[in-house]
Structures are given as C-alpha cells and as structure tokens.
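# Summary of the model geometry
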Amino acid sequence: MHPSHRRRCRKTTGTVVRDNEVYGASAEGIGLYDGSTGCSVSHNIIHDNYSVDLYLDSISHSTFEGNLIYETSSSNDLEGIEISDEFYSDLPAPVNSYNVIINNVIVGSHQGIVFWNSGEWSGSLSGETGLRYDVIANNTVVNTNTALKWDASPAHVGTTIENNIFIAAAGTSPSSLLQANSAGGIALDHNLWYAPDLPQAFLWLGSQSDHASFVSASSQGAGDVLGDPLFVGMWAAPPATNLELAKGSRAIGKGVTLSSVLD
C-alpha cells in the first residue's frame, strides 16, 4: 500500500482486510473503529506506521489473526496492537468486547499489545471501557520495551491472555514484560516470558517484581514458562527471520487448548 494511505474502517460490519502490506502511514496502519463489528484482519504485513500499527478502537466480535507487525527503527515509540474505547457521539457506551487476537507476530515495537483507557467517556460510562470477553492468545511478541500492558479499568471481565510468547529487547532500555495497572477480569496464564537483561520484568499494580513475586501477588501465571524459547532463526532485528520453535524449546507442549484458536 502506498505510504500516504492507510486502511481505516469506521462503523463497518463484516469487513475483511487480508494479504496487504501497509507501511509508512502518517497515522495508524490499519484501524477499525466507531462500533465496527464482525470484521477480520488477517495475514497482513503492517510496519513502520505512525503511533499504532493495528488499532482496534470501539469494536466488537472481530478477529485479528496471522498478521506480521514490526518496526525497523530502534528509537520508535510505536505500539504493535492497541485496543481502546474512544468516545463517539453515535455510540451509546463503550463497546470493546468479544474480539479475538491470535497467532500474530510483533517484532521491535515500543509496546507489543496494549489496552489504552482513553478516559473520554464521562459520568457512569467512564467505568465501562475495558477488555471485555476478549481472547489474546498464541501471539509472539519479541524485542519490545513493554510486551503487554493494560490500563486500569473496573470493566475488565472474561478476558483470556494465554499461550503467548513475550520477549523483551536486550540491553538496558526495556521497562517491563508486563505492565498491569489493575487486577480482576483477566485470566493470564500459560505464557512464556523472557527478559534477558531485566530481572524484575513484571510491573503489577505499580510494584516491580520478578515472576515468582508476580504470581504470588496476582494469583496469575502459575502455568507460565520462563526463559529463551529457542527460535530457529534470529529475532532481535525486525523483520524476524524464523520464529518456529526449535527442537528442545521449553515452550513446546506448554500451552492449553482454546476453542478460539484452530491453528
């Protein structure tokens, strides 16, 4: 796709975005927003856009699968996949819910997968924006400063984050593998975490800790795996070459079966 263009779908139903390369846009690379529902974004290459490569804003019942998302600049402040509920006057309330984010590869983004609470809804509706019945599973997020983050919200409910591989960038710049700003409503387990230079990689409710302390404080992640997943190819520089698990990887056989993940 020409660098001056981007894919944005507003208040759309059943839209399919597949097999594109989207890069160099002056705003989000691919964005669905304002009540879009029943959409599918799959098998795209999305890279080097402004702010967010794949933006899921106020949408529901949609699937995002098998996309390669990456950044080539080590100084970027970009997010790979961002989920949010911005305010739209034609929506009665925040709508993010029942989205499936699976089998995506994110390399080199400042933050990998993020839920952003925009704070735009007023009154009682301000507490209704959150990760609601979403599935975030079987994604590979590598070479990031923060792999997974969600903002505080009382509306997080029924969301599953499992079977993912989260790897922080090497060196001194990574801040965390996980930054969780509120508890409750999110089942977080059976993920592989690896931060080669960050001994306290988990920021749980403002407290930085190692994995054992995170599990104790959160009652999450007892089935997690720690350490290098042993990819076949290099992963430190985007685009990654081959993120297949090599023989002997500690990630093999450690996931759980999820009905929303068929491949």
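Summary of the structure given here. (Residues numbered from 1 in each chain as written. Predicted model: local features only at pLDDT ≥ 70, side-chain atom pairs only at ≥ 80, totals over all residues. Heavy atoms only, no water.)

### Looking at the packing of aromatic side chains
- One pass over the full model with this rule turns up eight aromatic pairs.
- Between the aromatic rings of Tyr 33 and Tyr 88, the centroid separation amounts to 5.9 Å while the plane-to-plane angle is 45 degrees, which identifies the pairing as tilted. Placement of the pair is Tyr 33 in strand S4 (residues 30-33) and Tyr 88 in the loop between strand S10 (79-84) and strand S11 (100-102), with a sequence separation of 55 residues. Each member of the pair, Tyr 33 as well as Tyr 88, is classed as buried.
- Seen from their ring centres, Phe 87 and Trp 121 are 4.9 Å apart, and the 75 degrees between their planes marks the pair as edge-to-face. With Phe 87 in the loop between S10 and S11 and Trp 121 in the loop between strand S13 (111-116) and strand S14 (135-137), this pair connects stretches of sequence that are 34 residues apart.
- The structure contains a cluster of three or more aromatic residues connected by ring pairs, namely Trp 150, Phe 166, Trp 193, Phe 202, Trp 204 and Phe 214. (Phe/Tyr/Trp six-rings, centres within 6.5 Å; stacked < 30°, edge-to-face > 60°. Helix = DSSP H or I, 4+ residues; strand = E, 2+ residues; numbered from the N terminus. Buried < 20%, exposed > 50% of the residue type's maximum accessible area, 1.4 Å probe, protein only.)

### With respect to the sheet that holds strand S9 (residues 68-70)
- As summarised here, the arrangement of the eight strands in space is S3-S6-S9-S12-S15-S18-S21-S24, forming an open sheet in which the pairing is parallel. Taken across any chain shown, the strands that pair with only one partner, and hence form the sheet edges, are strand S3 (21-23) and strand S24 (225-226).
- Alignment of S3 against strand S6 (residues 45-47), held across three bridges, turns out to be parallel. For Tyr 23, the partnering residue across the bridge sits in S6 and is His 47. (Pairing = 2+ DSSP bridges.)

### Points about the layout of surface pockets
- Empty space within the largest pocket amounts to approximately 360 Å³.
- Its residues assigned to classes, the lining of the largest pocket shows eight nonpolar, ten polar and one charged. (1 Å grid on protein atoms, 1.4 Å probe; cavity = no way out; pocket = protein on both sides within 12 Å on 5 of 7 lines; lining within 4 Å. Points joined across faces, edges and corners; volume = space filled by probe spheres on them. Nonpolar A, V, L, I, M, F, W, Y, C, P; charged D, E, K, R; others polar.)

### Some thoughts on the environment of Asp 197
- Structurally, Asp 197 is set in the loop between strand S21 (192-194) and strand S22 (202-204).
- In this structure Asp 197 comes out as partly exposed when scored by relative accessible area, which is 44%.
- Placed ten residues apart in sequence, Asp 197 and Ala 187 show a C-alpha to C-alpha distance of 27 Å.

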